[in-house]
Amino acid sequence: MDFDDTPEEASFRAHVRSVLEEHASELLHVAPGEPVDARSREAELRDTQRVLAEAGLVGVTWPREYGGQGGTLVQQAIVGQELGRARVPTLINHIGIGMCGPTVIAHGSDDQRSRYLARLLRADDVWCQLFSEPGSGSDLAALRTSAVRDGEDWVVNGQKVWTTLAHVADFGILLTRTDPSRPKHAGLTMFVVDMHAPGVTVRPLRQMSGGADFNEVFFDDVRIPDSERLGEPGEGWRVALTTLMNERVAIGGAGSDIGPSPESLTAHARDRLPALSPEQQVLARQAVGRALVASLATRYTGYRRFTTLSQGGVPGPEASAGKLGGTAAARLVTDAGVRLLGDEAVLGATADGDDTWQRAQAYVPGIAIAGGTDQVLRNILGERVLGLPPEPRTDKSAPFSSGGRR
Ligand SMILES: Cc1cc2nc3c(=O)[nH]c(=O)nc-3n(C[C@H](O)[C@H](O)[C@H](O)COP(=O)(O)OP(=O)(O)OC[C@H]3O[C@@H](n4cnc5c(N)ncnc54)[C@H](O)[C@@H]3O)c2cc1C
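Criteria and thresholds
- Residues numbered from 1 in each chain as written.
- Predicted model: local features only at pLDDT ≥ 70, side-chain atom pairs only at ≥ 80, totals over all residues.
- Heavy atoms only, no water.
- Helix = DSSP H or I, 4+ residues; strand = E, 2+ residues; numbered from the N terminus.
- Rg over C-alpha atoms; globule rule 2.2 N^0.38 Å.
- Buried < 20%, exposed > 50% of the residue type's maximum accessible area, 1.4 Å probe, protein only.
- Contact = heavy atoms within 4.5 Å.
- Areas by Shrake-Rupley, 256 points an atom, 1.4 Å probe, with all protein chains shown as cover.
- Lys, Arg positive; Asp, Glu negative; His and termini not counted.
- Charge placed at Lys NZ, Arg CZ, Asp CG, Glu CD.
- Polar contact = N/O pair within 3.5 Å; in protein donor to acceptor, adjacent residues only side chain to side chain.

Colleague: Just checking my understanding: could you explain the overall build of the chain for this structure?
Modeller: Scanning the chain from N- to C-terminus turns up 12 helices and eight strands. Relative to the globule expectation of 22 Å for 406 residues, the C-alpha radius of gyration of the chain, 22 Å, shows essentially globular dimensions. Reported as C-alpha extents along the three principal axes, the dimensions of the chain are approximately 70 × 50 × 40 Å. In the chain, which comprises 406 residues, the share counted as buried stands at 48%. Contacts spanning at least 24 positions in sequence make up 73% of the contacts within the chain whose residues lie at least 6 apart. By element, 53% of the accessible surface of the chain is carried by carbon and sulfur atoms, the whole surface being about 19,300 Å². Distance between charge centroids for the chain: 6 Å, based on 42 positive and 52 negative side chains.

Colleague: How should the environment of Leu386 be read in this particular structure?
Modeller: Looking at the secondary structure, you find Leu386 in the segment after helix 12 (374-385). A C-alpha to C-alpha distance of 9.9 Å links Leu386 and Glu318, two positions 68 residues apart in sequence.

Colleague: Can you help me understand the side chain of Gln207 in this one?
Modeller: Mapped onto the elements, Gln207 comes out in the loop between strand 6 (200-205) and strand 7 (214-225). Polar side-chain contacts of Gln207 include one of 2.6 Å to the backbone nitrogen of Asp213. Those residues in contact with Gln207 that lie beyond four places of it in its chain are Ala212, Asp213 and Phe214.

Colleague: Looking at this structure, how should I read the environment of Pro278?
Modeller: Positionally, Pro278 belongs in helix 8 (residues 278-310). What makes Pro278 exposed here is its relative accessible area of 60%. In this structure the C-alpha to C-alpha distance between Pro278 and Arg248, which are 30 residues apart in sequence, comes to 42 Å.

So, in structure tokens, the structure goes:
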């Protein structure tokens, strides 16, 4: 298999580079490893996304009728690589573009699509995904936030947690329970919620990496008009599955895009190994070798998945392998980098001025939880790809209000 750009991909890459050069002065650029706080840099991040959207580099895979470019996942990956190369930080609306927008496209009304999608691509509105709750993450269908019909509105009460970007979001996609008398997957309904509506409270959560990218969100008698429903009442699980399929592709990507690159690790190894004792060199070589094999394997498997999807394939349960492999590799790479650099990794002074190692070691474990934990992804792969017997699920057909007992 040839992993180099095809002539068409090379010309697309050249186009992306020229666009980034042309607009360089209007874009936010960050130093290697510099953390980007969405709260303090919100205005610059929104401006950057708007400039990129107007230049046709946002929503590359979205259909043209909704403001996208009708492009391929490979083109999307090329844009991502070139943004990284140009040191432009992750788009502020990456959750909106990767997960919320595709859900509105698939399940929204024409009115919702015309009101929301173009603004989302330009970061006029930032979006978040309000699924997880204190008692339901992996078992998402066990959520308790309720929505009760009242005339033309629904009244929402409950709590969400780990909501990335809720502190800057204008809208969210919100999964609620609307019928507790039905089995847990059947009584759910999805809405678009205005994050500035009365009764919505957002409280930041501090991570061990030092950032505060996600939040707790409380809903106290929040009124949502019925026109903001996504899909039919009781159909929320089907709508949520669209979001989750897109999430796996968005996070899984080409696997090794997570955390510092394997190339960066080899650069440090080349520099550091000669100074180590022969015994230490053996151990360091083994650690670097293990990390490289894992990282390159997930990267190339990711490219093959992109190729299949670009040829009309649909993201299936095997996309879980990309995320699982990518986060495992990222852990090996960051661990080897931190060990190789020792104290310098903690202080941030590394061979090439890149200070990402210690920070990455603190945030990579979170990626192994976000969008499906390692254990849950292994269950999905075991059941749906390998055909192993499913986990026993005693509460699948019982009314949710019976607490899972029939
Ligand atoms: C960085 C980050 C960003 C996030 N962003 C968002 C967001 O924007 N929106 C949102 O809605 N949520 C978000 N989340 C939440 C995330 O989706 C949940 O944390 C995740 O689904 C796990 O759920 P939980 O935390 O409730 O853990 P639990 O489900 O309680 O799991 C605890 C442990 O038990 C294991 N476990 C659970 N069930 C099984 C099983 N059946 N078999 C084997 N092991 C099992 C898990 O793997 C885990 O190790 C984010 C999380 C992180 C870390």
